[in-house]
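# Notes for the structure review
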Amino acid sequence: QEEGFGRRQSRRRDKRKMRLPRPITSLLGPGQPKAAGDEAREARGRGARMSELYSKAETLELRRKHIGPSCKVFFAKDPIKIVRAQGQYMYDENGEKYLDCINNVAHVGHSHPDVIKAAVKQMELLNTNSRFLHDNLVQYAKRLTATLPEKLSICYFVNSGSEANDLALRLARQYRGHQDVITLDHAYHGHVSSLIDISPYKFNQLGKEGKKEFVHVAPSPDIYRGEYREDHPDAASAYADDVKKIIEEAEKNGRKIAAFIAESMQSCGGQIIPPAGYFQKVAEYVHKAGGVFIADEVQVGFGRVGKHFWGFQLQGKDFVPDIVTMGKPIGNGHPMSCVVTTREIAEAFGASGLEYFNTFGGNPVSCAIGLAVLNAIEKEDLQGNAIRVGNYLTELLNKQKEKHPLIGDVRGIGLFVGVDLVKDQLRRTPATAEAQHIIYKLKEQRILLSADGPHRNILKFKPPMCFTMEDAKLVVDQIDELLTALEEATGSRTGNGRSTTAQHKRKMTNEGNSQSDCISESINHINGTACRQKNGLYTDNRAVPCKRIRT
């Protein structure tokens, strides 16, 4: 049987060889010289095309035909077809290289060789469910909990951040029998029904009926745009007192709080870093009401903040959540996630009499991958890299803030950084259209960045952890050029670079239009469609107002 299998595999390989596309050099025609770098580009192109079944146009058409219309793509006007990736780079079907500044899923780098080896090695031996004993499961649980405070010692392995947060809600509600949940404004915790219910980022789009009676929304602890700002003497206590008032009002109406849930640093909410001490005070009020504190680390965990392994640890050693949820980076692209909690909460969950079983959660292959990711973080000092590169990136961006009136705020820790673009420094008016313009122009420069937040005006940096200082400088230099062009076009720049009210005097070209006019028209056009944008996604077919500026 083995010999027969080998012969069949050999015949299949021979057939695949026969179907390989013509070398790209044959398309140049006889006698045409190659430009410098063409050979390397051709090699990349050949490698990319070998992994393609369809042309980009065919792939797009099949996607429209078979994939749900609510599943959007980045840059819908001209989406990118990615066929391979390595480290912090992604490659399209033509072998063009894109710098990835947004992929916090490929945490230790795309296609990390050690992660791949661990997956293949275990897959060759066994993959089964956790009802059988296997060392990978307990070894990984031991290694993972060693990164957490001692009382967080019980693991439930699942397959996505949404599954993790859904299970966290079940644990919280079973613990005391309470039902209500306090969440932060603009929060996003996952796509399943139970999490849409507690995600204002999503349910606000559904109108008044979107918010359920058992959900209570607390203000985001945003010290740049929120009610209590950077000049407040104790913003942490002020925002925590808002949560206390919500609890008191809920209890007055006969409701009981099961949980307060928050990302340790809000991502979709606009790269918000809660002021130190906020979580401690909130936890005090929530515990008094019989609820638990859930720290959602799906976006920011596993060393991204640099100085700590978990984002919630930025609040101080005296803060320990009751439940921690993990996802995206845990498997470097492999679908896995985890909920870690206390023994007390886990035993209350088990007391219901219901067994908890997850078919794929904690399988040997997933655990082998999880261990490889932990090893890579440690072996390659990726936490140290997050500190060094993150500090350098923030320093470069702060220099741009001094130069460009469009930058209102730079905030972040490690490799989790946000740039808040504004039209007016004093009013802090969100520059939504300008942010969208910048991410589209960066895409043309083969740099992938996204914009998010309640007003879609925050440039988000959350790259693979192998991101380098050279990468940081490249991106910031490009942003500098784009901001300069925007400010010159819209008249928001003066000699000292800080005025946002100066009238710009444009020079006209022979065509009768200046580049400044083109950018202004482009921005005005985007302003009209800003409410339909999200993270560089466009659902309508927009006309391009000027050939020179494509947004």
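Conventions used here
- Residues numbered from 1 in each chain as written.
- Predicted model: local features only at pLDDT ≥ 70, side-chain atom pairs only at ≥ 80, totals over all residues.
- Heavy atoms only, no water.
- UniProt positions renumbered as here; feature names shortened; annotations may be inferred.
- Helix = DSSP H or I, 4+ residues; strand = E, 2+ residues; numbered from the N terminus.
- Buried < 20%, exposed > 50% of the residue type's maximum accessible area, 1.4 Å probe, protein only.
- Areas by Shrake-Rupley, 256 points an atom, 1.4 Å probe, with all protein chains shown as cover.
- pLDDT = per-residue confidence, 0-100.
- Contact = heavy atoms within 4.5 Å.
- Pairing = 2+ DSSP bridges.
- Axes fitted to C-alpha atoms, helices over the stretch in contact; angles between N-to-C directions.
- Salt bridge = Lys/Arg side-chain N within 4 Å of Asp/Glu carboxyl O.
- Parallel < 35°, antiparallel > 145°, perpendicular 65-115°, else oblique.
- Nonpolar A, V, L, I, M, F, W, Y, C, P; charged D, E, K, R; others polar.
- Polar contact = N/O pair within 3.5 Å; in protein donor to acceptor, adjacent residues only side chain to side chain.
- Phe/Tyr/Trp six-rings, centres within 6.5 Å; stacked < 30°, edge-to-face > 60°.
- Lys NZ or Arg CZ within 6 Å of the ring centre and 35° of its normal.
- Core = buried A, V, L, I, M, F, W, Y, C linked by side-chain atoms within 4.5 Å.
- Patch = residues over 30% accessible without salt bridge, like charges linked within 9 Å, V, L, I, M, F, W, Y side chains within 5 Å.

Per an unreviewed UniProt entry, the chain goes by Ethanolamine-phosphate phospho-lyase and derives from Chelydra serpentina. Checking UniProt for the chain, the heading Catalytic activity (unreviewed entry) contains the comment "phosphoethanolamine + H2O = acetaldehyde + NH4(+) + phosphate". In its Subcellular location (unreviewed entry) section, UniProt records this for the chain: "Mitochondrion".

### Considerations on the overall build of the chain
When its secondary structure is counted, the chain shows 16 helices and 16 strands. Within the chain, the proportion of its 551 residues that are buried is 52%. For the chain, the accessible surface area stands at approximately 26,600 Å², while carbon and sulfur atoms represent 51% of it.

### So, the confidence of the model for the chain
Per-residue confidence for the chain gives a mean pLDDT of 85; residues scoring 70 or more make up 80%. Between residues 525–551, whose pLDDT stays under 50, and residues either more than four places distant or in other chains, the model counts 76 contacts.

### Regarding the sheet that holds strand S6 (residues 215–218)
The strand order S4-S10-S9-S8-S7-S5-S6 describes an open sheet built from seven strands, whose pairing is mixed. Two strands bound the open sheet, and with one partner strand each, they are strand S4 (154–158) and S6. If you compare each strand with its neighbour and ignore which way they point, the axes differ by 20 degrees on average. Along the sheet, helix H6 (residues 161–176) contacts S4, strand S5 (180–184), strand S7 (257–263), strand S8 (292–296), strand S9 (323–326) and strand S10 (337–341); its crossing angle with S9, the most-contacted strand, is approximately 165 degrees.

### Some details on unusual backbone geometry
Notably, Phe-75 is not glycine yet its phi reads approximately 55 degrees, a positive angle. Along the polypeptide, Phe-75 turns up in the loop between helix H3 (56–66) and strand S1 (82–86). In this structure Phe-75 comes out as buried when scored by relative accessible area, which is 4%. A positive phi angle, near 65 degrees, is found at Phe-302, a position not held by glycine. Within the fold, Phe-302 resides in the loop between S8 and S9. Relative accessible area serves as the criterion here: at 0%, Phe-302 is assigned to the buried category.

### Looking at the pattern of salt bridges
For the coordinates displayed, the defined rule picks out 23 salt bridges. Here Glu-96 makes a salt bridge to Arg-446, at a shortest N to O gap of 3.8 Å. In this pair, Glu-96 is assigned in the loop between strand S2 (89–92) and strand S3 (97–100) and Arg-446 in the loop between helix H14 (432–444) and strand S14 (447–448), connecting sequence segments 350 residues apart. Glu-96 sits in the partly exposed class, given a relative accessible area of 26%. Here Glu-249 ties to Lys-252 by a salt bridge, and the two come within 3.8 Å at their closest N and O atoms. Here the residue Glu-249 and the residue Lys-252 both occupy positions in helix H9 (residues 235–252), the gap between them amounting to three residues, near one helical turn. With a relative accessible area of 40%, Glu-249 lands in the partly exposed category. Judged by relative accessible area, which is 65%, Lys-252 ranks as exposed. Connected through shared salt-bridge partners, Arg-225, Asp-409, Arg-411 and Asp-420 make up one network.

### Observations concerning the packing of H6 against helix H11 (residues 343–350)
Packing of H6 against H11 brings their axes to within 8 Å, and their N-to-C directions diverge by 85 degrees. By the angle between their axes, H6 is roughly perpendicular relative to H11. Where H6 approaches H11, its residues Leu-167, Arg-170, Leu-171, Gln-174 and Tyr-175 are matched on the opposing element by Glu-344, Ile-345, Ala-348 and Phe-349. Here the residues of the contact of H6 with H11 sort into six nonpolar, one polar and two charged.

### What about the side chain of Thr-394?
The residue Thr-394 is located in helix H13 (residues 382–403) in this model. Polar side-chain contacts of Thr-394 include one of 2.9 Å to the backbone oxygen of Gly-390. With sequence-adjacent residues up to four places away left out, Thr-394 is seen in contact with Val-410 and Val-417.

### Let's talk about the packing of aromatic side chains
For the coordinates displayed, the defined rule picks out 17 aromatic pairs. For the ring pair Phe-75 and Tyr-440, a centre distance of 5.2 Å and an interplane angle of 85 degrees mean the geometry is edge-to-face. With Phe-75 in the loop between H3 and S1 and Tyr-440 in helix H14, this residue pair connects regions lying 365 residues apart in the sequence. We note that Phe-75, like Tyr-440, is buried. Cation over ring: Arg-84 sits above Tyr-91, and NZ or CZ is 3.9 Å from the ring centre. The ring of Tyr-89 is capped by Lys-97, whose NZ or CZ atom sits 4.4 Å from the centre of that ring.

### Observations regarding the nonpolar core
Of all hydrophobic cores here, the largest spans 98 residues; its most connected members are Tyr-140, Phe-260, Tyr-278, Phe-302, Met-326, Leu-459 and Phe-461. Among the nonpolar cores identified, the runner-up in size contains 25 residues, and Tyr-175, Val-292, Ile-345 and Phe-349 belong to it.

### Comments concerning the pairing of S5
For S5, a buried count of five out of five residues is recorded, marking the element as mostly surrounded by other parts of the structure. Residues Asp-180, Ile-182 and Leu-184 of S5 are buried on one face, and the alternating residues Val-181 and Thr-183, pointing to the opposite face, are buried as well. Taken together, the four bridges between S5 and S7 define a ladder with parallel strand orientation. Within the sheet, the bridge partner assigned to Val-181 lies in S7 and is Ala-259.

### Some points on a nonpolar patch on the surface
On the surface, a cluster of nonpolar side chains totalling about 320 Å² of accessible area is made up of Leu-53, Tyr-54 and Leu-62. Structurally, the position occupied by Leu-62 is in helix H3.

### Looking at the sheet that holds S14
Taken in spatial order, the four strands of this open sheet run S1-S2-S3-S14, and their pairing is mixed. Lying at the two open borders of the sheet, with one neighbouring strand each, are S1 and S14. By the bridge criterion, four bridges tie S1 to S2 in an arrangement that is antiparallel. Within S2, the residue paired with Arg-84 across the bridge is Tyr-91.

### Looking at the side chain of Asp-180
For Asp-180, the location among the structural elements is in strand S5. Accessibility expressed as a relative area gives 2% for Asp-180, which makes it buried. Within the local environment of Asp-180, its side chain forms a polar contact with the side chain of His-216, the two groups lying 2.8 Å apart. A distance of 2.5 Å separates the side chain of Asp-180 from the side chain of Arg-255, its partner in a polar contact. With near-sequence residues (within four places) excluded, Asp-180 lies in contact with Glu-213, Phe-214, His-216, Arg-255, Lys-256, Ile-257, Ala-258 and Ala-259.

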